[in-house]
Each structure stands twice: as structure tokens, then as C-alpha cells.
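Descriptive structure summary
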Amino acid sequence: MADKSKIPLPQPTPETQHFWDGAKAGELRLQQCNDCSAVYFPPRPFCPTCGHREVSVIRASGKGKLYSYIINHRPHPAFDGPYSIAVVELDEGPRMMTNIVNTPQAPESLTLDMPVVVTFESMSDDISLPYFEPAANQSASANGEGKS
Amino acid sequence: MKPGSVAIVGAAETTELGKIPGMSQIQLHADAALNAIADAGLKITDIDGVATAGESPTAIAHYLGITPKWVDGTAVGGCSFMLHVRHAAAAINEGLCETVLITHGESGRSGVGRGGFRGAAASLQGQFEAPYGIMGPPSLFTIPFLRYMKETGMTLEQLAMVSVVQREWAALNPRASFRDPLTIDDVLNERMIAWPFTKLQCCLVTDGGGALILTSAERAQDFPQKPVYIIGTGESVETPMISQMEDFTTSKAFRVSGAKAFAEAGISHDDVDHLMIYDAFAHLPIYGLEDLGFCERGEAADFIWERNTAIGGKLPVNTNGGGLSYMHSGMYGMYALQESVRQMRGTAPAQVEGAKISVCHGVGGMFAASGTVIMSNEQP
Ligand SMILES: [Zn+2]
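Definitions and limits used
Residues numbered from 1 in each chain as written. Chains lettered and ligands numbered in written order. Predicted model: local features only at pLDDT ≥ 70, side-chain atom pairs only at ≥ 80, totals over all residues. Heavy atoms only, no water. Contact = heavy atoms within 4.5 Å. Buried area = accessible area lost by both parts, 1.4 Å probe. Salt bridge = Lys/Arg side-chain N within 4 Å of Asp/Glu carboxyl O. Helix = DSSP H or I, 4+ residues; strand = E, 2+ residues; numbered from the N terminus. Pairing = 2+ DSSP bridges. Core = buried A, V, L, I, M, F, W, Y, C linked by side-chain atoms within 4.5 Å. Buried < 20%, exposed > 50% of the residue type's maximum accessible area, 1.4 Å probe, protein only. Axes fitted to C-alpha atoms, helices over the stretch in contact; angles between N-to-C directions. pLDDT = per-residue confidence, 0-100. Polar contact = N/O pair within 3.5 Å; in protein donor to acceptor, adjacent residues only side chain to side chain.

Considerations on the interface of chain A and chain B
Contacts between chain A and chain B engage 47 residues on the former and 53 residues on the latter. Across the chain A/chain B interface, buried area totals approximately 4,200 Å², and carbon plus sulfur atoms make up 59% of it. Of all residues in chain A, Gln11(A), Arg74(A) and Met97(A) bury the most surface against chain B, accounting for 17% of the area lost on that side. Linking chain A with chain B are three salt bridges, by the criterion used here. We note a salt bridge from Arg53(A) to Asp31(B), for which the minimum N-O separation is 2.0 Å. The biggest single contributor to the side of chain A that touches chain B is strand β4 (residues 63–72) of chain A, with seven residues. The pairing of β4(A) with strand β4 (residues 192–195) of chain B spans two bridges and is antiparallel.

What to know about the nonpolar core
Judged by nonpolar contacts, the single largest core of 134 residues is most densely connected at Leu64(B) and Leu289(B). Once residues within four sequence positions are removed from consideration, Leu64(B) is found in contact with Phe46(A), Pro48(A), Ala30(B), Ala33(B), Leu34(B), Ile44(B) and Leu101(B).

Observations concerning the sheet that holds strand β1 (residues 29–33) of chain A
All names here are of chain A. Read from one edge of the open sheet, three strands run β2-β1-β3, paired in antiparallel fashion. Strand pairing shows two members of the sheet lacking a second neighbour, β2 (39–40) and β3 (55–59), which therefore form its edges. Helix α1 (residues 17–24) rests against β1 and β3 of the sheet, and its axis sits at about 140 degrees to β1.

Some thoughts on the confidence of the model for chain B
With 98% of its residues at a pLDDT of 70 or more, chain B shows a mean pLDDT of 93. Model confidence for the complex: the whole-complex pTM is 0.91, and ipTM, which rates the interface, is 0.92.

Considerations on the environment of Arg53(A)
Topologically, Arg53(A) is positioned in the loop between β2 and β3. Owing to a relative accessible area of 35%, Arg53(A) belongs among the partly exposed residues under this scheme. Those residues within four positions of Arg53(A) in sequence are excluded, and the remaining contacts are Pro45(A), Phe46(A), Thr15(B), Asp31(B), Leu34(B) and Asn35(B). Here Asn35(B) takes part through its side chain, which lies 3.0 Å from a polar atom of the side chain of Arg53(A).

Notes on unusual backbone geometry
Peptide bonds are, in most cases, trans, and in most cases residues other than glycine have a negative phi. That bond from Phe41(A) to Pro42(A) is cis: its omega, -5 degrees, falls within 30 degrees of zero. Looking at the element boundaries, Pro42(A) is found in the loop between β2 and β3. Here the amide bond leading from Trp195(B) into Pro196(B) is cis, since omega sits at 10 degrees, within 30 degrees of zero. Within the secondary structure, Pro196(B) sits in the loop between β4 and β5 (197–198). You will see that Asn102(A), though not glycine, has its phi angle at about 60 degrees, which is positive. By secondary structure assignment, the location of Asn102(A) is in the loop between β6 (95–98) and β7 (115–122).

Put into C-alpha cells, the structure is as follows:
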């Protein structure tokens, strides 16, 4: 049985705290350069495109597409059976690693470029992890219960 | 070094000194770096060489948004930065890069984002990759490949062919770990490790070692072995996080490193007789052939399928059997270099007749870093 306590939890730093505060509040947060407008991830208090040191935290739409992935077949104590380790490309541009959840972990249900949306899971008092699920799930569950 | 040939043109410390609980260790590096770059009147994009200790030069370069042509991670304690200055001077004199940034940052008092177990969970990989069930290179190095397949139309059978062809080379090598012939079905039907990669598409895990001795070309004439000359070199780093690769279908570190090595050597691809591409996983020769410029984008799979890299092909690749069949101790680069040296000496078990130029291309840390060495048995 999957033991979620085996997931190594992130330890926020001063430069990433806004991201984890956002995740706890159910928001996916990115940063944007006040000078060149580049939107970037992972967090840092300056723009990696132009070096400008004034940047803003923005709330991302939470929407994106499945960019690439593997299905890990080696056993991991925090997961039941094979599971996806994926990278999603957010509508705002940056990419991030995640697991695609609430869908069978098989190539047939994990097609590249399929729309995905963020969903958060509370792991501790301080940390909620962002996961992604097929966008089709959330439109289906908008009418009622839909999550497994 | 040549006296007076290199100068320091920018210098700064972090904005604050003393107790800085509001900055992680990597941000202390970055804060000092940005201040020094401003002091020099430069932009980040002017920097093409990065040296650091305490953090990896890959992490510093990616964090700052630098694509270096030279990196130095020499870490020998508190005097590391003196060594970096010396190495940088040599690198600049040699034309390996033009403008070097040397950084230091250490959250020695506050311990924010500092090394060790806690530091790992506070690193960007620790925060943004580790929670998702990553289990070493097989679960990370392989992630970009589905995107490559979708964009180029490459098939899983073509990926399997990489292992098949390298096993043919290994069969000629008495020291290879695996020498029995393989078929495409053998490869595809093996145990799944990280879909779509089976066990035969992942490198071996073995024990071993290797070493090299270098001296001046002038002195090299007086040694018993036939000299193998270094005629071009390249290096770069991209990102310590596979999820942050700029493009999943090509390695920026490969492209920068390869182009620099070819430019230094002053050779064209047609001049190359032998090629080693560090193959921790079966897709690496595909990326290597394209990013080094031997194939156009999307054409490497056909190039291997048509047996151009196989025995008797026009560009023999991974002639020891590679990390997939010869051996792989964890840091395989040394074994690729050894095979290039054997080929240039004319002593390889699967010797490429008349080979004069060998390109040896390495990867480090899941597409994080790259180094290229071009060797010749003729002095240019
Ligand atoms: Zn900017």
C-alpha cells in the first residue's frame, strides 16, 4: 500500500516560500520580470533571462499540457505499482515536474499534449504538493463527485 | 601563466554581510554574482565561463541564466577560488572562454539551503523534483525522450536498434560485459524499467576504473606509446533539473560543447573516423549524433537503423560496446576516453582501420553537463 510519508518533502527557502504558501492556499504561483516580462520557474528573486532584480509573483492559471513523461516500473514505497513521472508545460510557458494523477498510469491514458490542470494534495501542515490531472477529469467532476 | 595577460575587471560581495537568514546559499552566490557583474558594467549574457565551489557550477550557471563554454568546479576547500582564478587565466589564455565569473556563497551561520541532508531538501531539485517519486537516472534521464519521439516520429523499434548495434560491437571485445547477439524483439521484450525504456536500453552497473596521463606534445615524442594528440575540446552545462531543460529534443550543453570542440580542432564532420557518445541510456547516441552535427534533427534514428554506426559503417560509434554492453561504473566518461585512445593508437579490439580522428563526447548528470574531446594520432 502506498505510504505517502515516504515522499521526501520540500524544504522551502526564502526565495521559494511564496510558491509553497501559494500551494498551501491552492494557488500555483510563478514569477514575472518587471523589466522584460519573462515568466519563469523555479523561483528566484531575479530574472534568469535579463538579470533584472525586480520581479513579481503571479498566480498561474493552473492549466497546461503533458509535455513528456516516463512510467516508472521499479517499486517505490510511496506509490502503488507503476507511476508516471511527468513534465507539464504550463499555459504561461514554464515547465515543471509532477505526477499525472487520477487517471490510469498507462500510455493509452497519458498522451502527450493532452490538457492537464493542477490539483493540490496536503502532505503536512506546511506543504501541499501540486499534482496534475487530465483536464477532462475536472470538467466531468464540475457536476459532482468525480475524484477517486 | 603568461604574466599580465589576464585581469580582474569586476569584484563585489553580497549586498549584506553577517547574518542573512533571508537568503539561501545559492542566492548568496547569485547576489554576489549580480553585484560583481554590475560592478564590471556587464550583463549576465556576457559571462561565458563559470567557476565555483560549494555549489555545482551547473546549479550556479542555470540559476543565473548563463550558458557557459567553460566551467570549473574544483572544490579543495577554502582556497578553491584561488585555484579557480588560476584555471580561469589559463582558460582565457587558451581561448576556452572570454569572461569568467567566479562565485562564492555560504550560509555558514543561518544554514539556509546549505549542503547535507537538509540542504538537499532545500535545493531546487529537492523542492521541485524529488517529491515526485524520482529514482535515480533511469527515472530522470529518460523523461525527455517521449517528446523527442513525438516531434521526430522516431519509433520504439528504432530505439531498440541502438542496443542491437552496440551489442554487435561488444561481441568483438573480449572485455565487454555482454557479448551475445540481440534482436530488436529481445530489447523490447525485456523487463520494463521506465516506460518506454527496458533493461536493455539502460546502462550496465559494473565496477572498474581508468586513468590518463597527459604531457606537452613536445615531450610526448620521448614516450614509448604512440602519442594521441588533443586537437579540440569543449564543455558546457545546462541545468541540474531535467524538468528545466530548454528543449527536450536536444541538449544545449551537447550543442555548445560539441561546436566549441569542432571549432578548436578546425575539422569538419567528414574528417571524423570514430565517435564515442556516452550512452547511459539508448537515446543518448540519438541526441549526440544530432547535437554534435553528424545528423540533421530527427535523422539520427534512420542513420543508426541504416547501420552507418555499425561494424563496416561510415561512422563507427561506441566501438567498445558502450555503456549498454561494455561496462558502466557510474561515471562512464573515462571508458569512452580509453576507447578513443585505443582507436587512435591502433590497438582497439574492434579497430577502425586507418582511423586518424576520434571524437569523444560525454554527458554528466542527466543532460546537466557535457564535455567533448577530439583526439588525433597525427599532430595538426
Ligand atoms: Zn527580465
